[in-house]
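Here is how the chains run, residue by residue.
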Amino acid sequence: MTSVVRCWWLSLQHDWRNGFNHSEKVWVSAHHLDHKTFHSYLTSQGPTDDKFTSKLVSDREIEVAHPESTTSTRFIAPVLSSKVTPKNNPISVDITSSGGLGAVTDGKDVLVFEGPSGNVRRTLSGHVADVECVSFFPSNKVLLTGACDMCVKIWSVEDGSCPVTLTGHTRAVTTLGMVGVGRHVVSGSLDGTIKVWVCGTQQCLSTISPQAGAINQLHVIGDQQAVSDSSALILSATERGLLSLHNTSQSSSCVFSYQHSEELTACNAVNQNTLVAGSIKGDLITLDVRNSSQPISCYKRSNYAISSIATDCNRVWCSQRDGECYTINTDTTLQCDTTLSGGDCDAVLCLVAKGGVITTTSKDRILRRYEV
């Protein structure tokens, strides 16, 4: 197995903009699992010593460097700390491709909100147990939800109606995916199965059983605008550390698998050949589907679980349970070039990235929106 590369990374006080606006010092640190941590302070005029350098790029962006470790990071503050404040931990969030609408879980309900303002448009009620995952159809007018009641529901976000409920899982539904334009949808569950559903007939087309424990996250690889669903592949990350690719129409057709030493909590695809997975111990693994025996790289910055991996505009975004959200180059340099600030060490539960807009949910029950 490829050795884990432990890299330097920088952190900055979560409310640094507020500190600068009040002419206060804000803390900054350089971290490494195998070295001592460096601490210092920044002001709006620059660093207070020579441990770090800084440059204000804009009102919401600052570049910070730690010369001794040759590490630099651009920190971006949110453009909106959303007014959408769920009563319960917002486990999952999704936004439309245009960024105009969003949906976030709130216990047994789902709140549909306006993306730019955060104002709640309507509440979707119908599940009888906590909702675990949400996903918009490509049309941006229909929403898919999965819950601990073992059901998958399809909703109209325009009128709040729920015309379709899909049943068949025997434990909580934890993750969802969309095939093509949405004729087929995919669900993963704690029961260890992935089901492909035909929306029109409300029937299960196929059931995939990786035999590796609970399905923690899945991602559908294929052209979202394609009318045909035959070429789509389902990437899944499991409780027992198995990352696998299956054909949507053939339940026994596994085209790629990789076994990690720890539980895998997140996964996504950079392109048709490059996959990324995250573990419960903070490992971020990059793989080539043409070589399952050896990962391209394995990056680690802390021991906190990777909670989400998203790709957007050829960038890979990751969130962790220590409250950090960042991009990482998936080549051999493994440098973190951008970090999203705003959360104060609260675990990030979900991160989505679409069209240069990043939305995150955290245990502080605040949704944050970033433009990058």
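Everything below is about the structure printed above this text.
What you see is a predicted model, and the numbers here were worked out from it, not measured in a lab.

Chemist: What is the right way to look at the packing of aromatic side chains in this model?
Modeler: For any two aromatic rings, the description comes down to two numbers: the centre-to-centre distance and the angle of the planes. Taken as a whole and assessed by the stated rule, the structure comprises 2 aromatic pairs. For the pair W8 and F38, a centre-to-centre distance of 5.9 Å together with 45° between the ring planes defines the contact as tilted. Here W8 is found in the loop between β1 (5-6) and β2 (9-12), whereas its partner F38 is found in strand β4 (residues 38-43), with 30 residues between them in sequence. A residue is classified by how much of its surface remains accessible, and F38, at 13% relative accessible area, is buried. Taking 5.7 Å as the distance between ring centres and 70° as the angle between the ring planes, the aromatic pair formed by W16 and F20 counts as edge-to-face. Of this pair, W16 and F20 both sit in helix α1 (residues 16-21), separated by 4 residues, roughly a single helical turn. Summarising the burial analysis for this pair, W16 and F20 share the class buried. The cationic tip of K25 hangs over the ring face of Y41; the distance from NZ or CZ to the ring centre is 4.6 Å.

Chemist: Looking at this structure, I do not really get the side chain of H66. What am I missing?
Modeler: With respect to the element layout, H66 can be found in strand β7 (residues 61-66). Given a relative accessible area of 1%, H66 falls into the buried group. A polar contact of 2.7 Å, which involves the side chain of H66, links it to the side chain of S69. When neighbours within four sequence positions are excluded, H66 is seen to be in contact with L10, A30, F38, K51, F52 and T71.

Chemist: In this structure, what is going on with the sheet that holds strand β16 (residues 151-156)? I would like to understand it.
Modeler: Backbone hydrogen bonds are what pair the strands of a sheet, in a parallel or an antiparallel way. In spatial order, the strands read β14-β15-β16-β17; together these 4 strands make up an open sheet with antiparallel pairing. Two strands lie at the open edges of the sheet, namely β14 (131-136) and β17 (164-167), each paired on one side alone. Going from strand to strand, the sheet's axes swing by 20° on average, the running direction of each strand aside. Inspection of the sheet shows β14 paired to strand β15 (residues 142-147) by 5 bridges, in the antiparallel sense. Along β15, the bridge assignment pairs F136 with L143.

Chemist: Teacher, can you tell me more about the sheet that holds strand β30 (residues 306-312) here?
Modeler: Spatially, the 7 strands line up as an open sheet ordered β6-β7-β8-β33-β32-β31-β30, and their pairing is mixed. Among the strands making up the open sheet, the edge pair consists of β6 (53-58) and β30. Strand-to-strand twist of the sheet, defined as the mean angle between neighbouring strand axes without regard to direction, takes the value 25°. Bridging between β7 and strand β8 (residues 71-76) involves 6 bridges; their strand directions are antiparallel. Pairing of V64 across the sheet is with T73, part of β8.

Chemist: I would appreciate a short explanation of the environment of V28 in the present structure.
Modeler: Relative to the elements of secondary structure, V28 occurs in strand β3 (residues 26-31). In this structure, the C-alpha to C-alpha distance between V28 and K51, residues 23 residues apart in sequence, is 9.9 Å. Setting aside residues up to four positions removed in sequence, V28 forms contacts with S11, L12, F38, H39, S40, Y41, L42, F52 and V64.

Chemist: Can you walk me through the pattern of salt bridges in this structure?
Modeler: Two side chains carrying opposite charge are able to pair once their charged atoms lie near each other. With the rule as written, the count across this model stands at 12 salt bridges. Between K354 and D94 there is a salt bridge; the shortest N-O distance is 3.0 Å. Residue K354 is located in strand β34 (residues 348-354), and its partner D94 is located in strand β10 (residues 93-95); the two are separated by 260 residues in the primary sequence. Relative accessible area serves as the criterion here: at 26%, K354 is assigned to the partly exposed category. Between D364 and R368 there is a salt bridge, with the nearest N and O atoms lying 2.8 Å from each other. Look at D364 and you get partly exposed, because its relative accessible area is 21%. Given the relative accessible area of 7%, R368 is considered buried. Overlapping salt bridges, with partners in common, bring together E61, E63 and R74 in one network.

Chemist: Got a minute to help me understand unusual backbone geometry in this structure?
Modeler: Trans is the common state for peptide bonds, and a negative phi is the common state for residues other than glycine. You will see that T70, though not glycine, has its phi angle at about 50°, which is positive. Take T70: it is sitting in the loop between β7 and β8. Classification of T70 as exposed rests on a relative accessible area of 69%.

Chemist: Mind showing me how you'd approach the state of the cysteines here?
Modeler: Joining two cysteines, a disulfide is a covalent bond between their sulfur atoms. Considering all chains together, one arrives at 0 disulfides under this definition. Unpaired in this structure, C325 has its nearest cysteine sulfur neighbour in C318, at a distance of 9.3 Å. The class of C325 is buried, set by a relative accessible area of 3%. Of all cysteine sulfurs, the one in C133 lies closest to C350, which takes part in no disulfide; the gap is 9.8 Å. Take C350: its relative accessible area is 10%, and that puts it in the buried class.

Chemist: Just to check I follow, could you spell out the nonpolar core for this structure?
Modeler: In globular proteins that are soluble, nonpolar side chains generally tend to be buried together. Counting 16 residues, the largest nonpolar core has I221, L235, L243, L245, F256 and L275 as the members making the most contacts within it. Of all the secondary structure elements, the ones that give two or more residues to this core are β23 (233-238), β24 (242-247), β25 (254-259), β26 (264-269), β27 (274-279) and β28 (283-288). In this view, L245 contacts I221, L233, I234, L235, S253, C254, V255, F256, L275 and V289; residues no more than four positions away in its chain are not counted. Residues L10, F20, L42 and V64 belong to the second largest nonpolar core, which totals 14 residues.

Chemist: For this particular structure, what's the right way to read the pairing of strand β13 (residues 120-125)?
Modeler: Across a regular strand the side chains alternate sides, sitting on one face of the sheet and then on the other. Judged from the 5 bridges that link them, strand β12 (residues 109-114) and β13 form a sheet pairing that is antiparallel. Bridge pairing in β13 places L111 opposite T123. Linking two consecutive strands that pair antiparallel, namely β12 and β13, is a turn of 5 residues; a positive phi of about 85° is found at G118 within it.

Conventions we followed
Think of each chain on its own: its residues are numbered from 1, step by step along the sequence as written. Where totals are concerned, whole chains, interfaces and linings use all residues; where local detail is concerned, this predicted model gives features only for residues with pLDDT of at least 70, and gives and counts side-chain atom pairs only at 80 or more. Values shown for side chains rest on all heavy atoms present in the structure; no hydrogens or waters enter the calculation. Pairing of aromatic side chains here covers Phe, Tyr and the six-membered ring of Trp, requires ring centres within 6.5 Å, and sorts the geometry by plane angle: under 30 degrees stacked, over 60 edge-to-face, intermediate tilted. Strands here mean DSSP runs of E at least two residues long; helices mean DSSP runs of H or I at least four residues long; both are numbered from the N terminus. Exposure categories follow from relative accessible area, calculated using a 1.4 Å probe and restricted to protein chains: below 20% of the type maximum is buried, above 50% is exposed, and the middle band is partly exposed. To sit over a ring, a charge needs its Lys NZ or Arg CZ within 6 Å of the ring centre and within 35 degrees of the ring normal. Under this definition, polar contacts are N or O atom pairs within 3.5 Å; protein pairs additionally need one hydrogen-donor-capable and one acceptor-capable atom, and for neighbouring residues in sequence, both atoms have to be side-chain atoms. Contact between two residues is taken to exist if any of their heavy atoms lie within 4.5 Å; hydrogens are not considered. Two strands qualify as a pair provided DSSP detects at least 2 bridges between them. Orientation is described by axes fitted as lines to C-alpha atoms, over the contacting stretch for helices, and by angles from 0 to 180 degrees between their N-to-C directions. Any Lys or Arg side-chain nitrogen found within 4 Å of a carboxyl oxygen on Asp or Glu counts as a salt bridge. A pair of sulfur atoms, both from cysteines and within 2.5 Å, is called a disulfide here. Among buried residues, those of type Ala, Val, Leu, Ile, Met, Phe, Trp, Tyr and Cys that are joined through side-chain atoms within 4.5 Å constitute a nonpolar core.

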